[in-house]
Amino acid sequence: MLPSARPLGGLNSVSIGEIKPGESVVRGTAPIGFTAVCRKYIDGVPTTLGDATVSITGAVTYNLASPAVAGDRYDFYATLRIASLTATVPNIGGLLGPTTASFTIGAPANSSILVFNGLGPGEFVQTQSPNDGRGVLDQNGLAFLIGSSASSPGDTLYTFTTNLGRVLKTTVTALSLVQPILTKTLGSATAASVSFAQLPAGASITNPSSTPGSYFTVNATTGVVSTTAAFVSAALGSVTLNVAVRDAGDITTLRVVIAAGEVDVDTGSRLTSAITAAAVGATIGLTDTFVDGAAVTISRVFSGEITHPHKGIGPAESILDPTCLTDSAVPKLTGGLVIKARTLFAPRFNFKVTLNGPENIALDGFAFRNVATSDSYNAKFNEVLPQNEVIWIPTLSNGAVTGVSSFVQTGKGYLASKNERRVYISHNKPTTVVGITNTKAAQLVVTYPNHGLAAGRAIRFNTDGVLPRPLSSLLSDSFFVKEVLSADTFTVSMTSTGVAVTVSEPGSGTHYCGPGSGFLGWFDPDEFGNINETTPLTIVSPGQGYDATMRFRQPRVGETTQLANCQSNIATAESAVQLGFSQNTLSKVIVRNCSFGNPGGSVNRIPWCIDLRNAEQAYIHDCVFDNYYIALQVWQCNDGEIARCLSAGNANDFYREYTANSPLGNQLATGPLFRVLGNVGVDPMSAVDWSNSHADWMQVGTQLDLSLQHRTVLRFNRVYWPGNILKFQTQPILNTQGWIAYYFDISDNLFISSTQNYQLGSAVNKDLCRFSRNTCIRYIEEWTDLNAFSPKYPSCVEPWMNYRGPWSGTTSYAYGHVVKVDGIYYSSKIDGNLGNAVSDTAKWFPNYVYDVGIYDNIMGQIWANVPNATGQDRVSFLQDPANDDGVFTKECFNFHAKGNFYSSNYTESGPTSFPQIFTGGAAFFDTYTLPGDVVGYRGYIPKVPTNSFAAARAAIDAAFSTRAGSAAAGRGYLQEGGVPTYPLRPANTNRITLENGSGSLLSESGAGFVTQEAA
């Protein structure tokens, strides 16, 4: 229905009504007796469409040839009194952009050229012109990507049209792969002979004897540019040098931006020396040619200070004032030491840092990656299911594998890798113990009892120590029997026709040898993980030297063992960064603008990107985590934060916090405090590619020796996650000190996951233990999966407490079991606790009453484990309790639930369906069925780009903000138009009582006591 016409300028005016997309009739009014024409604005110019009909009462109408679309402009032009009024078809988006963009020729296909801005909720780019293959729309219509067709330098004008008919014209410039000016940054205090840039081989400096040509030299063979003694003598300040070069392809100028007072290094040894010599406040840069594989330990104390607007802000402060935290604040280092990479995310940068002192350190711009130097295929079987190892016999041709002859034993398994369901198979390690000559410069002879090998046969080696060189256990290295000396001995060559090798370096340990070498491949199991005679086998490398006795085995083992079997160099690798590893000092560290893992899709994963131990302050900001096992593992931290990080391609946890057995527990003044703010986790693996049953977004455990309160804030995160996400696994029952107060503020987050069991243990006070304003979407119920946990429960908030009912002297209680005596709850300290009264403090300690606040969320339902006479009974509810306090009480469990909206409606119509309550609408929440795939979550995933943090966040917000006026309005993490919920709906609380460092309640007159009136 059109709103009333809007008159313009008195009785003799022309007016026009609002026009909605899809309508075909333009209506308005004109003075009686006037005639009018209808015009449409094309590129800003009014174009007459035809005569409008003016009734005797002055009503004006015009029938359009095609329905109006968003962005169209029409007016009526009165032919007697010449007056007009423009009406613009309403549009929910902003100004479309960008109008210019560029990309470099030769960049990988599907790399981002631009991300569209100004799109409204549910709006996406539908077509492009020209469709020349140089650039392509992503499948979500939210970005423009590099295509597969070759490009030449120059500009192309593209016209993009959205599904609402809006048009954007963008000039896209294809840049030459090599620009005429190569710009590098270099510290003025850099030593001589430090390499810092790469030119094509054969390049040279045009005037090497001039200034600044004499400051640098180019290796004619490699093209590597290095500093000279003249550069050191010049003692330059902040200046930009332009050096003419020749024979460098398209490059004509090397531009060197000199940073005053900074020093650059190109090797790990130079980095170590620079750290030793660095003054407080120094900056050390790693050049673009920094050597891979460096491992640096920093034990010096660099005095300084790290300030952060959020320091000391925990759940109490965040709950009391939701605006006290943002996802944009940054820390600042004064003094200390900054180590930075000159080029962010260098392509092959294998680097490791260990901190062993109370440093004030900032690590900036590194790409911490474990680059494969051996077999990069890391197979992984799901440990949870009772599965067998796979044993199969290959078909062969001249000793090379051509396929599968038969299976001795079938099995199941997945590779924990991004967006693929594969089980990688490589040649099993040889198991026959052999003797190998171990004298330097002596001919290498292998003693292999009854080997039965002929000259020219391919063989492999392995060891539990170090093989005599040049032998190697790398999967990529093949060796051959050169000469059979006897039934038990032979010499070795490195090629089938090569010479017999000699020992270049002695080895150590027990060595193994076996026939055959070099096979690589993978099985593609079905959606249930089955591997059998019908499973396709893809052969990457057929190998050589195999015979009919060969059996390939894929054992059902754990992650660490499987990685070792597959010989990845990360099998035994520790974290890329170890922060504050020392047991006697507390580190202060900033990690910013860094990349961890192996972006680009390799199946290599860093086990722990950051291993944080005993930190006074630690802030991880604006980083990328891709293909890792655990992104951040925290053992102790007085004040820490991880913010604005993009996470993808994981195998297990994003953030895992434990405080077990930390040697510095007594040094933490107020107990551990950590904030997880504004991160985006998306597309870690496909819904059925389980690395194990617990791929947690966040896991917190407080065990054994921690006697202080534990505090965590989790806000502003957007999380697409499989497995059991957000498992707040606080474990007070395992703490020998008794239960620990665990305070948390889990608010303003979006969670899309498989099981959504929010296990919020140790919640002791609803005003300090808060789960609020979250949007929780669970995808498991959209399809059937045998690995799913509690598939009946679309979204769950549960305690982590094993309550066993009233104490009985005839029941044997396990460690952590909770019982009730005379209205008081007690937790068992031991296993096999039979017949011991709760007054025995060696066997029991008083336990807490679970008390949590659950407010203003969009979720499925809430449940708790409460035993009855026959065992465990799940008590659940799908609406807030009707009493004034919104409290649901059962035994030692108190759930305070108010203002929540309960919905798990994915595809059905109605006021509570996802298309109705979220801004993505039907265009986003359509039912997806990919070939051989599942519905729902896997349909959402391709619609969220992972090329950048900003693009992923924008796409999620465009889809999952809560629609204004819908049944869920005012709840969840974000409202339509990008408005956060928390300013609109203050925290539901009567007052907040802070605790001191020991966990004891302060009185009302105590310094930590604050109050707030109920919202």
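Residues numbered from 1 in each chain as written. Predicted model: local features only at pLDDT ≥ 70, side-chain atom pairs only at ≥ 80, totals over all residues. Heavy atoms only, no water.

Our next topic: the overall build of the protein. Counting its regular elements, the protein contains eight helices and 83 strands. A burial count over the protein gives 55% of its 1015 residues as buried. The long-range fraction of contacts in the protein, counting pairs at least 24 apart against all pairs at least 6 apart in sequence, stands at 67%. Summed over all atoms, the accessible surface of the protein reaches about 39000 Å², with 52% contributed by carbon and sulfur. (Helix = DSSP H or I, 4+ residues; strand = E, 2+ residues; numbered from the N terminus. Buried < 20%, exposed > 50% of the residue type's maximum accessible area, 1.4 Å probe, protein only. Contact = heavy atoms within 4.5 Å. Areas by Shrake-Rupley, 256 points an atom, 1.4 Å probe, with all protein chains shown as cover.)

With that settled, consider unusual backbone geometry. Here the amide bond leading from threonine 211 into proline 212 is cis, since omega sits at 15°, within 30 degrees of zero. Along the polypeptide, proline 212 turns up in the loop between β18 (204-205) and β19 (216-218). With an omega of 15°, the peptide bond running from arginine 469 to proline 470 counts as cis. Positive phi is not limited to glycine here, since arginine 644 has a value of about 55°. Of note, arginine 644 is situated in the loop between β53 (637-643) and β54 (646-648). Of the residues examined, arginine 644 reaches a relative accessible area of 11% and is grouped as buried. Unusually for a residue other than glycine, arginine 773 sits at a positive phi of about 55°. Within the secondary structure, arginine 773 sits in the loop between β64 (769-772) and β65 (775-778).

Next up on the list: the sheet that holds β18. Pairing between the strands of a sheet is mediated by backbone hydrogen bonds and can be parallel or antiparallel. One open sheet accounts for four strands, arranged β16-β22-β21-β18; its pairing is mixed. Edge positions in the sheet fall to β16 (181-187) and β18, since each of these pairs with one other strand and no more. In this sheet, strand β22 (residues 253-259) lies alongside strand β21 (residues 239-246) in antiparallel orientation, the contact comprising six bridges. Bridge pairing in β22 links valine 243 to leucine 254. (Pairing = 2+ DSSP bridges.)

Under the definition given, this model contains 22 salt bridges. When the shortest N-O distance is used, the salt bridge between aspartate 72 and lysine 40 registers 4.0 Å. Note that aspartate 72 is positioned in the loop between β6 (59-63) and β7 (73-78) and lysine 40 in strand β3 (residues 36-42), a separation of 32 residues in sequence. Linking arginine 773 and aspartate 748 is a salt bridge whose minimum nitrogen-to-oxygen distance equals 2.7 Å. Note that arginine 773 is positioned in the loop between β64 and β65 and aspartate 748 in the loop between β61 (742-747) and β62 (750-753), a separation of 25 residues in sequence. The exposure classification of arginine 773 matches that of aspartate 748, with both residues buried. Among the charged side chains, a network of salt bridges with common partners joins Asp327, Arg718, Arg953 and Asp957. (Salt bridge = Lys/Arg side-chain N within 4 Å of Asp/Glu carboxyl O.)

In this section: the confidence of the model for the protein. Chain-level statistics for the protein give a pLDDT mean of 74 and a share of 70% at 70 or above. The spread of mean pLDDT over the elements of the protein runs between strand β83 (residues 1009-1011), the lowest at 24, and β19, the highest at 97. For the stretch residues 557-573, pLDDT sits under 50, and the model shows 50 contacts to residues farther than four places along the chain or on other chains. Note on residues 685-693: pLDDT is under 50 here. Beyond four places in sequence and across chains, it has 45 contacts. (pLDDT = per-residue confidence, 0-100.)

This brings us to helix α2 (residues 268-277). Taken together, the buried positions of α2 are Leu271, Ala274 and Ile275. Buried positions in α2, seen along its axis, are confined to an arc of 100° and lie on one side of it. Turned more than 90 degrees away from the buried face of α2 sit Ser269, Thr276 and Ala277, all of them exposed. (Arc of directions from axis to C-beta.)

In this section: the nonpolar core. Within the largest apolar cluster, 81 residues are counted, with the highest numbers of intra-cluster contacts made by Phe596, Ile610, Phe625 and Phe895. Ranked by residues supplied to this core, first place goes to β61 with four residues. Excluding residues within four positions of it along the chain, phenylalanine 625 makes contact with Phe596, Cys609, Ile610, Ile620, Ala631, Ile642, Cys645, Leu646, Ser647, Ala648 and Phe654. (Core = buried A, V, L, I, M, F, W, Y, C linked by side-chain atoms within 4.5 Å.)

Across all of its chains, the model carries 21 aromatic pairs by this definition. Seen from their ring centres, tyrosine 813 and tryptophan 844 are 5.6 Å apart, and the 70° between their planes marks the pair as edge-to-face. Of this pair, tyrosine 813 sits in strand β68 (residues 812-813) while tryptophan 844 sits in strand β72 (residues 844-846), and the two are 31 residues apart along the sequence. Pairing phenylalanine 918 with phenylalanine 960 gives two aromatic rings, centres 5.8 Å apart and planes at 65°, and the pair type is edge-to-face. With a gap of 42 residues between them, phenylalanine 918 in the loop between α5 (914-917) and α6 (921-924) and phenylalanine 960 in helix α8 (residues 949-960) connect regions that are remote in the sequence. (Phe/Tyr/Trp six-rings, centres within 6.5 Å; stacked < 30°, edge-to-face > 60°.)

With antiparallel pairing, the three strands of this open sheet are ordered in space as β17-β20-β19. The sheet terminates laterally at β17 (195-198) and β19, the two strands that pair on one side only. Each adjacent strand pair in this sheet contributes to an overall mean axis angle of 30°, direction not counted. (Axes fitted to C-alpha atoms, helices over the stretch in contact; angles between N-to-C directions.)

This part covers the pairing of strand β28 (residues 337-341). In terms of burial, β28 is a largely internal element, four of the five residues being buried. One ladder, built from five bridges, connects strand β24 (residues 282-286) with β28; its direction is parallel. Bridge pairing in β28 links leucine 286 to alanine 341. Note: β28 against strand β30 (residues 360-364), four bridges, orientation parallel. Paired with valine 338 across the strands is alanine 362, a residue of β30.

Checked against the element boundaries, phenylalanine 480 lands in strand β39 (residues 479-484). Taking the C-alpha atoms as reference points, phenylalanine 480 and arginine 457, separated by 23 residues in sequence, lie 5.4 Å from one another. Apart from residues lying up to four places away in sequence, phenylalanine 480 is in contact with Gly456, Arg457, Ala458, Ile459, Thr491, Val492, Ser493, Met494, Thr495, Ser496 and Gln544.

Moving on to the environment of cysteine 769. Relative to the assigned elements, cysteine 769 resides in strand β64. Since its relative accessible area comes to 0%, cysteine 769 is described here as buried. Sequence spacing of cysteine 769 and tyrosine 743 is 26 residues, and the spatial spacing of their C-alpha atoms is 5.1 Å. When sequence neighbours within four positions are dropped, the list of residues in contact with cysteine 769 reads Ile319, Tyr742, Tyr743, Phe744, Ala763, Val764, Asp851, Val852 and Gly853.

Time to look at the pairing of β24. Strand residues, when the strand is regular, have side chains that alternate between the two faces of the sheet. Counting buried residues along β24, five of its five residues qualify, which places the element largely inside the surrounding structure. Of the two faces of β24, the one carrying Ala282, Ile284 and Leu286 and the one carrying Thr283 and Gly285 are both buried. Of the strand pairs in this sheet, strand β23 (residues 263-265) and β24 are connected by three bridges, and their pairing is parallel. By the bridge assignment, valine 263 is partnered in β24 with isoleucine 284. For the crossover that starts at β23, traverses α2 and ends in the parallel β24, the hand is right-handed. (Right-handed = clockwise from strand over helix to strand, strands pointing away.)

Residues spaced three or four apart along an α-helix face the same direction, because each turn holds 3.6 residues. The terminal C-alpha atoms of α8, which comprises twelve residues, lie 17 Å apart, in line with the 16 Å expected from a rise of 1.5 Å per residue. Residues of α8 that are buried: Ala951, Ala952, Ala955, Ile956, Asp957, Ala959 and Phe960. (Expected span 1.5 Å × (residues − 1).)

With that settled, consider the side chain of serine 318. With respect to the helices, strands and loops of the structure, serine 318 is situated in helix α3 (residues 315-320). Within the local environment of serine 318, its side chain forms a polar contact with the side chain of aspartate 745, the two groups lying 2.5 Å apart. For serine 318, the residues in contact, after removing those within four places along its chain, are Ile313, Cys324, Leu325, Val713, Arg715 and Asp745. (Polar contact = N/O pair within 3.5 Å; in protein donor to acceptor, adjacent residues only side chain to side chain.)

Time to look at the environment of alanine 248. Within the secondary structure, alanine 248 is located in the loop between β21 and β22. Put simply, alanine 248 and proline 200 are 48 residues apart on the chain and 5.4 Å apart in space, counted from C-alpha to C-alpha.

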